[in-house]
Amino acid sequence: MKFNFYLFVTVFVLFFTSKHFSQSSGTVSGKLVDQNGNGLSGLQLKLYISPKTYDATSSNDGSFTFNNITDVRNDDELPTGYSVSNNYPNPFNPKTRIGITLPNGGSVRVDVYNLLGQRVRDEIERYFNAGDNYIDLELNGLPNGSYLARITLDEKYEVTKKLMLLYGSQHLSSSGGVSFSQLNKTTFGIQATLATNLDSLVATSSIIGRKTFKNLPSMISSLLSLGNLTIDRFCTGTPSVSYEGKTYNTVQIGSQCWLRENLDVGIMIQMNQSAINNGTIEKYCYNDDPNNCNTYGGLYLWNEAMQYANAEKAQGICPTGWHIPSRAEFQTLAASVSSNSNALKATGQGSGNGVGTNTSGFSALLTGYRYRSYSSIVFGALTYLTYFWSSTENTTGDACNMGLGFGSDITSYYYVKENGVSVRCIKD
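The following paragraphs examine the structure supplied in this document. (Residues numbered from 1 in each chain as written. Predicted model: local features only at pLDDT ≥ 70, side-chain atom pairs only at ≥ 80, totals over all residues. Heavy atoms only, no water.)

## Brief notes about the side chain of Asn262
Then, number 1: Relative to the elements of secondary structure, Asn262 occurs in the loop between strand E19 (256–259) and strand E20 (267–268).
Then, number 2: Since its relative accessible area comes to 8%, Asn262 is described here as buried.
Then, number 3: Of the polar contacts made by the side chain of Asn262, one reaches the backbone oxygen of Tyr296; its length is 3.0 Å.
Then, number 4: A polar atom in the side chain of Asn262 sits 3.0 Å from the side chain of Arg424.
Then, number 5: Here Asn262 is in contact with Tyr248, Tyr296, Gly297, Thr367, Phe388, Ser422, Val423 and Arg424, once residues within four sequence places are set aside. (Helix = DSSP H or I, 4+ residues; strand = E, 2+ residues; numbered from the N terminus. Buried < 20%, exposed > 50% of the residue type's maximum accessible area, 1.4 Å probe, protein only. Polar contact = N/O pair within 3.5 Å; in protein donor to acceptor, adjacent residues only side chain to side chain. Contact = heavy atoms within 4.5 Å.)

Here it is, written out as structure tokens:
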């Protein structure tokens, strides 16, 4: 699973001489987005930091925050026999030293980062004997500022020290004339912490199912931003479908895989013409304008959409491996969004309490329809409502559809087959 992250680190330089300042709680934040960068709202989140679990819900723009993360620990919690000193000197120019004590011989690794979490020096890894040891860090050529040295002991314990590079400040002599006792002195009391490892972050909803993020960055400060965590909404293995010269994207909604756009296949006929069973797919474009088919998809009579079959889940005019959804399949779709049409409508479609949020990714447009009004055939309701044919027949003259209107309801009516409405395909 893809995801991007960066660290916001607040550095406090405290003018104390002896005591480390420990953190009592922290905050983990981030944002859930789809592959197009759109925020995913209403997802239930669980952050696992053994042995604790934290809960949150993503907001309207997909952002989330976990507060009061209490597993950020100070370096007094290192096991007996281990210790890591503050670097000395600090501030420094450009070399500084960190003292390390090990109870037994073991490996020590040091990584140096800037405050955006970008590594600025090659990794240092050494084997030390038991007892007092030290590692010298040189940040020559880097700009003034604060940096983070993450020290990993025996591949088990992580300690992060905050360094301050300041040209013109004290320089560590190349002769190495600094005693270990000097290293243990805290000249600026800069906070040292053990990293808190995040085991996993799990996002769930009836729409996306369950998505798990692992390999998350360690928490080395009271603030950790995970940045954007991307949940690809397309169907696994089928991000898009090429059909009749056009490409249709897919979207996974619960257990169902849908095309994310209305079908636009066939040749356009005029509003007053009637599609017939002639071996050619025939469509209507709103106001007899082909540009409207490009934007909204075609409008089809039921028999034409079904290609003159009358069986539920017939392929009809859908691509191979896809079919015209049944009424029950539309009901499953509605249940996944709690029968709120706003979740199915593209962002901004409709108004008031019926404005689309598209949290499902279904991206429905209010396409209008072709219908008979008394003795006339007209187009109507563009930007006000849309209907989708189902493959569920009622009588020889009508069939079921799913309707999305100006409000937030999802409707299901039996509609005259001679009306022209939109078609959305579902995967077999």
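Okay, back to it.
## What about the nonpolar core?
Then, number 1: Of all hydrophobic cores here, the largest spans 40 residues; its most connected members are Leu32, Phe66 and Leu201.
Then, number 2: Every residue in contact with Leu201, bar those within four places of it in the chain, is listed here: Leu45, Lys46, Leu47, Phe64, Phe66, Lys211, Thr212, Phe213, Leu216, Leu226 and Leu229.
Then, number 3: Counting residues in hydrophobic clusters, the runner-up holds 27 residues, among them Tyr243, Trp322, Trp389 and Cys425. (Core = buried A, V, L, I, M, F, W, Y, C linked by side-chain atoms within 4.5 Å.)

## Description of unusual backbone geometry
Then, number 1: Going from Tyr88 to Pro89, the amide bond is cis rather than trans, its omega being -5°.
Then, number 2: For Pro89, the position within the fold is in the loop between strand E6 (83–84) and strand E7 (95–102).
Then, number 3: Backbone torsion omega between Asn90 and Pro91 reads 5°, so that peptide bond is classified as cis.
Then, number 4: Summarising the element assignment, Pro91 is placed in the loop between E6 and E7.
Then, number 5: Non-glycine residue Ser339 carries a positive phi angle of around 55°.
Then, number 6: In this fold, Ser339 is placed in the loop between helix H4 (327–336) and strand E23 (367–373).
Then, number 7: By relative accessible area, which is 42% here, Ser339 ends up partly exposed.

## Re the sheet that holds E6
Then, number 1: The strand order E6-E7-E10 describes an open sheet built from three strands, whose pairing is antiparallel. One side of each edge strand has no neighbouring strand; the edge strands of this open sheet are E6 and strand E10 (131–138).
Then, number 2: Bridging between E7 and E10 involves eight bridges; their strand directions are antiparallel. Residue pairing across strands places Ile98 opposite Ile135, the latter belonging to E10. (Pairing = 2+ DSSP bridges.)

## Description of the state of the cysteines
Then, number 1: A full pass over the atoms with the stated rule returns three disulfides.
Then, number 2: The disulfide partner of Cys285 is Cys293, and the gap between their sulfur atoms is 1.9 Å. Measuring handedness by torsion sign, the sulfur bridge of Cys285 and Cys293 sits at about -105° and is left-handed. Here Cys285 matches Cys293 in class, with each residue buried.
Then, number 3: Across the disulfide from Cys318 sits Cys425; the S-S distance is 2.1 Å. Note on the Cys318 and Cys425 pair: the S-S dihedral is about -95°, so by sign convention the disulfide is left-handed. Taken as a pair, Cys318 in the loop between helix H3 (302–305) and strand E22 (322–323) and Cys425 in the loop between strand E27 (410–416) and strand E28 (426–427) lie far apart in primary sequence, 107 residues in all. (Disulfide = S-S within 2.5 Å.)

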